[in-house]
Amino acid sequence: MPAEIPDTMTQRALVTGAAGGLGREVALQLARRGCAVAVTDINGEGVTETARQIGRTGTEAEIIIGDFTLEGAPEAAVEKVVARWRGIDILVNNAGYGVIEPFLDATFKTWTRTLALNVTALAMACKAAGRVMREQRSGRIVNITSPGSRMALPDYTAYTASKAGVDSITRAAAVALAPYGVLVNSLAPGMMDTEMQRSTELDLARANGRSDLQAFLDERTRRIPLGRRAEISEVAEAVVWLCLDAPKYMTAERLNMSGGLDKD
């Protein structure tokens, strides 16, 4: 394995949760920049469609269908990327899970499922990719976190707690991999028009006794200082910037992209 991957070589990427939404858009934008992209998700039909769209760009795609909450699954995905392309330069941990559940009614099933995917699987993927990148002495990892990791949201506590875990893992991984030139950062997107966001807000409206969903959505949108929700494409642009263009001295950082909702 080469000591360092020159910038002129094709970058080899793995994007998790790539069956649709932000994950698919990130994968497609990386492909348009010339990256070879492996896409993984539990949704086989969705991830296959993502790979088909990547193929239209003229770059290579690898399909990995599986449940990242199973022991060894994140490591196996990284191994498959390395086996095909002899290395990995980019890991985007986008896969996520969350449901509305009042804190005082929280179930063991919800907590374990949320933490298994959002925290444990992400940590194992970082570890597996990080070991390869350590040998290459190059690479970039981007973890998707949330403004909710810094908020008190009693109807969404398992999810927000898991994203606080993502913040912690990002910092720890960044420090562990810094001596090898590997950068680890995170991005906290605000409200987007994704299937997961719509499902969450519908459940949140019901939990708060709101029958007019559109009025509820409009009310939440008005809280955003920029006055609108993020386009998936512009959030993906920020992720790709972290993967390819961000300064090589930038690591352990959390990039907020919430229209001013989350303020450092």
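Each chain carries its own residue numbering, running from 1 in the written order of its sequence. Only residues with pLDDT of at least 70 are given local features in this predicted model, and only at 80 or more are side-chain atom pairs given and counted; all residues enter the totals for whole chains, interfaces and linings. Excluding hydrogens and water, the side-chain values take into account all heavy atoms of the structure.

Peer 1: Is there a simple way to think about the sheet that holds strand β2 (residues 36–41) in this case?
Peer 2: Two strands in a sheet stick together by hydrogen bonds in their backbones, pointing the same way (parallel) or opposite ways (antiparallel). Strands were regarded as paired on the criterion that DSSP finds at least two bridges between them. Each helix corresponds to a stretch of at least 4 residues labelled H or I by DSSP, and each strand to a stretch of at least 2 residues labelled E; elements are numbered beginning at the N terminus. If you trace the 7 strands from one edge of the open sheet to the other, you get β3-β2-β1-β4-β5-β6-β7, paired in parallel fashion. Looking at which strands have only one partner, the edges of the open sheet turn out to be β3 (61–65) and β7 (254–257). Geometrically, the sheet is characterised by an average inter-axis angle of 15 degrees between neighbouring strands, direction not taken into account. Inspection of the sheet shows strand β6 (residues 182–189) paired to β7 by 4 bridges, in the parallel sense. Across the sheet, the residue bridging to leucine 187 is leucine 255, located in β7. Strand contacts of helix α8 (residues 232–245): β4 (90–93), β5 (139–144), β6 and β7, with the helix running at about 150 degrees to β5, the strand carrying the most contacts. Between N-to-C directions, angles cover 0 to 180 degrees, with each direction set by a line fitted to C-alpha atoms, over the stretch in contact for helices. Only heavy atoms matter for contacts: two residues are in contact if any of them lie within 4.5 Å across the pair.

Peer 1: Please explain unusual backbone geometry as it appears in this structure.
Peer 2: For residues that are not glycine, phi is negative in most cases, and the peptide bond is trans in most cases. Positioned with a positive phi, arginine 137 is a non-glycine residue whose angle comes to about 60 degrees. Considering the arrangement of structural elements, one finds arginine 137 in the loop between α4 (108–136) and β5. The backbone phi angle of alanine 252 is positive, close to 65 degrees, even though this residue is not glycine. Type-normalised accessible area, obtained with a 1.4 Å probe on protein chains alone, sets the label of each residue: buried when under 20%, exposed when over 50%, and partly exposed for intermediate values. Classification of alanine 252 as partly exposed rests on a relative accessible area of 30%.

Peer 1: Explain the state of the cysteines here, please?
Peer 2: Linking two cysteines covalently via their sulfur atoms produces the bond known as a disulfide. The criterion for a disulfide is a pair of cysteine sulfur atoms lying within 2.5 Å. This structure, assessed with the given rule, holds 0 disulfides. Not part of a disulfide, cysteine 35 finds its nearest cysteine sulfur in cysteine 243, a span of 7.8 Å. By relative accessible area, cysteine 243 is classed as buried at 3%.

Peer 1: Sorry if this is basic, but what is going on with the environment of tyrosine 97 here?
Peer 2: Position of tyrosine 97 among the secondary structure elements: in the loop between β4 and α4. Judged by its relative accessible area of 27%, tyrosine 97 is partly exposed. For the pair formed by tyrosine 97 and glutamate 237, sequence separation is 140 residues and the distance between their alpha carbons is 22 Å.

Peer 1: Help me understand the pattern of salt bridges, please; the structure alone is not making it clear to me.
Peer 2: Think of it this way: side chains of opposite charge can pair up when their charged atoms draw near. Salt-bridge detection follows one rule: a side-chain nitrogen of Lys or Arg within 4 Å of a carboxyl oxygen of Asp or Glu. Within this structure, the stated rule accounts for 17 salt bridges. Close ionic contact of arginine 113 with aspartate 67 constitutes a salt bridge, the shortest N to O distance being 3.7 Å. Note that arginine 113 is positioned in helix α4 and aspartate 67 in the loop between β3 and α3 (73–85), a separation of 46 residues in sequence. Across the salt bridge formed by arginine 206 and aspartate 203, the nearest N and O atoms sit 4.0 Å from each other. Of the two residues, arginine 206 and aspartate 203 both sit in helix α6 (residues 195–207), 3 residues apart, roughly one turn of that helix. According to the relative accessible area criterion, arginine 206 is exposed, its value standing at 57%. For aspartate 203, a relative accessible area of 30% puts it in the partly exposed group.

Just distances and angles here, no functional claims.
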